[in-house]
Amino acid sequence: MTALWWLVLLGVVTAALWAAYRRPPQVSLTRSVPPAGFMGGRVPLHVTLRLRSPLPMRVVWEDELPLSLIPEAPLAGKLLLLGDRSSELSTNLTLKKRGVYSWPGATVRWADPLGLFWRSLKVSPDTRLEVYPGTHGLTLPDLLRPLLSEGTLTRSLGLEDAISLRGAREYVYGDPPGRVHWKLSARTDTLMVRELERMAASSLTVFVDMFGNSDVYVESAVRLAASLIREAGELELPVAVATTGQQSPTGRGEASLHAALQVLARTQPNTLPPVIPPTRAGGNLIIITGRAGADLIRQAMHARAQASRVSIIALPEGFYLEPGENPRRQWGGLPDAVRELERMSGVLAGSGILVYVLRGNQSVLKIAP
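Predicted model only: the values in this text are computed from it and were never measured.

Enquirer: It is not clear to me how helix α5 (residues 253-266) should be interpreted in this structure. Could you clarify?
Expert: Since one α-helical turn is 3.6 residues long, residues separated by three or four positions face the same way. In this model α5 runs 21 Å from its N-terminal to its C-terminal C-alpha over 14 residues, within 8% of the 20 Å that 1.5 Å per residue would give. Within α5, burial applies to S256, L257, A260, L261, V263, L264 and A265.

Laid out in structure tokens, this is it:
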């Protein structure tokens, strides 16, 4: 009989614990994290968990992050709760992939002091983090600044207009061979080059062609676009980014820069043919593409009617390497569309459209002539 009474008593205690701890504790979880960061960088994260319960209980919690956000320390903890209690944890997040992330929340599990019955609930605070494309660790050369700058027109500031000739001068080391004035050089017995007029750009628009390209090209293209946009922002130039179907508003300041970077954070390869949006009069349009088809070139020529300068930057699949990337064997030649673009580069330059085909381990940022 004594054993039976002990079994009854144990059953009553167990049932009481099961019933008493069905009700969850009051839980509040907050995260403190910057709204945005750059891929490859780190941002601080501070998590605060506040709990309240009139009963003593065991609590275990774990915050669940997207796989592309890597914390330096596990976002988890356990504690004994009675009354009010809080748990805080600070760490850094490494941003591995661009995108816009909102993670589901934390899992809180609780049980009676004996740990007999465990239950769980989800706590889902509204947390959103934008990861912008990383930029290259190289310093943009001074030669690139005239490509983007605006202001007082001088011989070194502003955009060159390929159809406006200022005059001629003696050749200086580094001048492009295509600018040599052969007839004048023959008459003067001195190597002479054409010097073009410059005009200020009113804005910079970077168009990224996502049509039918691989993930490798897309990541290189968005990093290049982010590099150009950030540099133009430092020059206080109005900036915008466009892809087929998306365009950020043109403007100066942090808001416009963030809007442009947000477009780059979201963009993905697609099957839509490229459509270049209208360009502001006097602006600078840079087109980044992997294929440079005939339709894209035709649109670039139409855009040149409004833009001060149009530049086409081709990143051929299998030829372009990121700065610092180890060379890999290349089995194929340049795509036919890119070969045709190279053949047309002289004609396009005469219309004010500059062509750059990046290959090998050329720096993606050394694009100025």
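Structure's up, so let's keep going.
Enquirer: What's the story with unusual backbone geometry in this structure? I'm lost.
Expert: A negative phi angle characterises most non-glycine residues, just as the trans form characterises most peptide bonds. Notably, D189 is not glycine yet its phi reads approximately 55 degrees, a positive angle. For D189, the position within the fold is in the loop between α3 (182-188) and β11 (192-199).

Enquirer: How do you make sense of the pairing of strand β8 (residues 118-123) when you look at a structure like this?
Expert: Within a regular strand, side chains alternate between the sheet's two faces. Here β8 shows a buried face lined by R119, L121 and V123 and an unburied face lined by W118, S120 and K122. When strand β7 (residues 105-111) meets β8, the two strands line up antiparallel, connected through six bridges. Its bridge partner lying in β8, V108 is registered against L121. Connecting β7 to the antiparallel partner β8 that follows it, the hairpin turn spans six residues, and G115 within it adopts a positive phi of roughly 70 degrees.

Enquirer: Please explain the environment of A314 as it appears in this structure.
Expert: Structurally, the position occupied by A314 is in strand β16 (residues 309-314). A314 sits in the buried class, given a relative accessible area of 0%. In the structure, A314 is positioned 27 residues away from I287 in sequence and 8.3 Å away in space, judged by C-alpha atoms. In contact with A314, not counting residues within four places along its chain, are T289, L341, Y356, V357 and L358.

Enquirer: Help me understand the side chain of S53 in this model?
Expert: Relative to the helices and strands, S53 resides in strand β3 (residues 42-64). A residue is classified by how much of its surface remains accessible, and S53, at 4% relative accessible area, is buried. Not counting the four nearest positions on each side in its chain, S53 is found in contact with P25, L81, L82 and G83.

Enquirer: Mind showing me how you'd approach the environment of V100 here?
Expert: Tracing the backbone shows V100 in strand β6 (residues 99-101). Contacts of V100, omitting those with residues within four sequence positions, involve R128, L129, E130 and R266.

Enquirer: Sorry if this is basic, but what is going on with the sheet that holds strand β9 (residues 129-132) here?
Expert: By definition, the strands of a sheet pair up through backbone hydrogen bonds, in either a parallel or an antiparallel sense. Ordered by their spatial adjacency, three strands build an open sheet running β2-β9-β6, and the pairing between neighbours is mixed. This sheet does not close on itself; its edge strands, each paired only once, are β2 (36-38) and β6. Each strand of the sheet is rotated relative to its neighbour by a mean of 20 degrees, with strand direction disregarded. Where β2 meets β9, three bridges bridge the pair, whose relative direction is parallel. Along β9, the bridge assignment pairs A36 with E130. Across the face of the sheet, α5 comes into contact with β2, β6 and β9 while running at roughly 85 degrees to β9.

Enquirer: Hey, could you run me through the sheet that holds β16 in this one?
Expert: The strand order across the open sheet built from six strands is β14-β13-β12-β15-β16-β17, with neighbouring strands paired in mixed fashion. Among the strands making up the open sheet, the edge pair consists of β14 (246-247) and β17 (353-357). Strands in contact with helix α4 (residues 215-234) are β12 (204-208), β13 (239-243), β15 (284-289) and β16; relative to β12, the strand with the most contacts, it is inclined by about 175 degrees.

Enquirer: I keep staring at the pattern of salt bridges and nothing clicks. Help me out?
Expert: Between side chains of opposite charge, a pair can form when the charged atoms approach closely. For the structure on display, the rule yields seven salt bridges. With its nearest N and O atoms 2.1 Å apart, the salt bridge here joins R42 to E72. Here E72 lies in the loop between β4 (69-71) and β5 (76-95) and R42 lies in strand β3, a separation of 30 residues in the sequence. On the basis of relative accessibility, which here comes to 54%, the residue R42 falls in the exposed class. Among the salt bridges present, the one from D84 reaches R52, with a minimum N-O distance of 2.8 Å. Of this pair, D84 sits in strand β5 while R52 sits in strand β3, placing them 32 residues apart in sequence. By relative accessible area, R52 is classed as partly exposed at 46%.

Enquirer: I tried to follow the side chain of S203 on my own but got confused; where do I start?
Expert: Inspection of the secondary structure puts S203 in the loop between β11 and β12. Beyond its immediate sequence surroundings of up to four residues, S203 is in contact with L237, P238, T250, R280, G283 and N284.

Enquirer: Just checking my understanding: could you explain the nonpolar core for this structure?
Expert: One broad rule of soluble globular proteins: the nonpolar side chains tend to lie buried together. Formed by 31 residues in total, the largest nonpolar core has its most connected members in V206, I229, L264 and I288. Those elements that provide at least two residues to this core are β12, α4, β13, α5, β15 and β17. Sort the elements by how many residues they give to this core and α4 lands first, with ten residues. Look past the residues within four positions of I229 in its chain and what remains in contact with it is L204, V206, V239, A240, V241, L257 and A260. L29, M57, L65 and L95 belong to the second-largest nonpolar core, a separate cluster that totals 28 residues.

Criteria and cut-off values
Residues numbered from 1 in each chain as written. Predicted model: local features only at pLDDT ≥ 70, side-chain atom pairs only at ≥ 80, totals over all residues. Heavy atoms only, no water. Helix = DSSP H or I, 4+ residues; strand = E, 2+ residues; numbered from the N terminus. Expected span 1.5 Å × (residues − 1). Buried < 20%, exposed > 50% of the residue type's maximum accessible area, 1.4 Å probe, protein only. Pairing = 2+ DSSP bridges. Contact = heavy atoms within 4.5 Å. Axes fitted to C-alpha atoms, helices over the stretch in contact; angles between N-to-C directions. Salt bridge = Lys/Arg side-chain N within 4 Å of Asp/Glu carboxyl O. Core = buried A, V, L, I, M, F, W, Y, C linked by side-chain atoms within 4.5 Å.

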